[in-house]
Amino acid sequence: MICELLGVDYAERDRFQQRTATALNATTPPDERMRAAAGLYAFMAELVRAKRETPGDDILSGLIRDADPPLTDAQLTDIAVVLLGAGHETTANMLALGTFALLQNPAQLAALRGDPALLDNAIEELLRFLSIIQLGVSRVATESMTVGGVDIPAGATVVIATPEANRDARQFDDPDRLDVHRPRPSHLAFGHGIHQCLGQQLARVEMRVGLSELFTRLPDLRLAVPAERVPLRNEMLVFGVHALPVTWA
Ligand code: HEM
């Protein structure tokens, strides 16, 4: 989806997918991650040059044509790298991990299948329950303050642990339970405030279409391996599964 919107040829995905994976792997040595990130920038800088020469019907070409004042190549490259990374790893992992969570909770999946009107609610609940961006919401304190008994000096960087917030028992009843009926689960999976996720509506559409088509077309979808053998992305900055072996009749 994000390739098509941005104007990245999907056939080129091998060129950026491996680099994104390296850049987002917390166990990769920093210099290797920096090299991968530099490779991504070079790839995108090349694309920006190509779009200036031959514009298409895509976001990058639109930004080149319409931004006022015009954006420099460096700005366009930054925007493209952020959008590709933020728009690609997140929804892909949310779809796979969301599928895994529903397959592990057959009563919840049955409730969803029985009442497709529950889908939007189920998506918010999956976002809350899974919190795939676990440490992605960070802020700089503009003044000294005390939060939860912790003194935070002005200028300090604060990283918000979204899974903690999204499973706060003061906010959610029985927070460790996936419940597609949970009324309007208001969560921090997309962050909060002015920097709240720019792509959240696109992400919701992708999940709505992806999950409903998957479970409608494959009513007998089930795990092909025991749940504990599904490899989890514990070392990645975007949580999810490395693979989700499934089968159907
Ligand atoms: C389920 C999928 C997604 C999740 C869970 C997610 C999560 C997040 C989170 C937690 C933030 C930080 C917000 C904050 O600091 O308050 C963020 C920011 C951002 N996201 Fe997403 N995201 C998703 C999909 C997308 C998509 C599809 C796009 C692009 C098309 C996107 C683009 C961005 C951008 C550009 C920012 C930075 C916004 C800013 O700093 O002003 N995200 N996202």
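Residues numbered from 1 in each chain as written. Predicted model: local features only at pLDDT ≥ 70, side-chain atom pairs only at ≥ 80, totals over all residues.

### Remarks on the overall build of the protein chain
Here comes step 1: The secondary structure content of the protein chain amounts to nine helices and six strands.
Here comes step 2: Here the C-alpha atoms of the protein chain give a radius of gyration of 20 Å, agreeing with the 18 Å that 2.2 N^0.38 yields for 249 residues.
Here comes step 3: For the protein chain, the spread of C-alpha atoms along the principal axes amounts to about 55 × 55 × 35 Å.
Here comes step 4: In the protein chain, the share of contacts with a sequence separation of at least 24, taken over all contacts with a separation of at least 6, comes to 64%. (Helix = DSSP H or I, 4+ residues; strand = E, 2+ residues; numbered from the N terminus. Rg over C-alpha atoms; globule rule 2.2 N^0.38 Å. Contact = placed C-beta atoms within 7 Å.)

### Remarks on helix α7 (residues 119-130)
Count 3.6 residues to each turn of an α-helix, and residues three or four apart come out pointing the same way.
Here comes step 1: With 12 residues, α7 should cover 16 Å at 1.5 Å per step; its first-to-last C-alpha distance of 16 Å lies within 8% of that length.
Here comes step 2: Along α7, the residues that are buried comprise A122, I123, E125, L126, L127, R128, F129 and L130.
Here comes step 3: Tucked into the core, α7 has its buried residues touching α5 (73-104), α6 (106-114), α8 (162-166) and α9 (200-217). (Expected span 1.5 Å × (residues − 1). Buried ≥ 20, exposed ≤ 12 C-beta atoms within 10 Å, placed from the backbone.)

### Notes on unusual backbone geometry
Note: most peptide bonds trans; most residues except glycine with negative phi.
Here comes step 1: Residue P69 is reached from D68 by a cis peptide bond, and omega for that bond is 5°.
Here comes step 2: Tracing the backbone shows P69 in the loop between α4 (59-66) and α5.
Here comes step 3: The phi dihedral of D174 is positive, around 45°, even though this residue is not glycine.
Here comes step 4: Along the chain, D174 turns up in the loop between α8 and α9.
Here comes step 5: By the C-beta count within 10 Å, which is 9 here, D174 ends up exposed.

### Focus on the site of the ligand
Here comes step 1: Close to the ligand lie 24 residues; G87, T90, G191, C197 and G199 are nearest.
Here comes step 2: In terms of residues, the shell around the ligand owes the most to one element, α5, which gives seven residues.
Here comes step 3: Grouping the amino acids of the shell around the ligand by side-chain chemistry returns 14 nonpolar, 10 polar and no charged. (Near = placed C-beta within 6 Å. Nonpolar A, V, L, I, M, F, W, Y, C, P; charged D, E, K, R; others polar.)

### Focus: the confidence of the model for the protein chain
Here comes step 1: In the predicted model, the protein chain carries a mean pLDDT of 94, and 100% of its residues have values of at least 70.
Here comes step 2: By mean pLDDT, helix α2 (residues 13-23) is the weakest element of the protein chain at 85, and strand β6 (residues 246-247) is the strongest at 98. (pLDDT = per-residue confidence, 0-100.)

### Details of the nonpolar core
Here comes step 1: Counting 24 residues, the largest nonpolar core has M94, L126, L130, I132 and M207 as its most contacted members.
Here comes step 2: Per-element accounting of this core gives the leading share, six residues, to α7.
Here comes step 3: Among all residues touching L130, those that are not within four sequence positions of it are M94, L97, G98 and A101.
Here comes step 4: Among the nonpolar cores identified, the runner-up in size contains 13 residues, and V8, F16, V48 and L60 belong to it. (Core = buried A, V, L, I, M, F, W, Y, C linked by C-beta atoms within 7 Å.)

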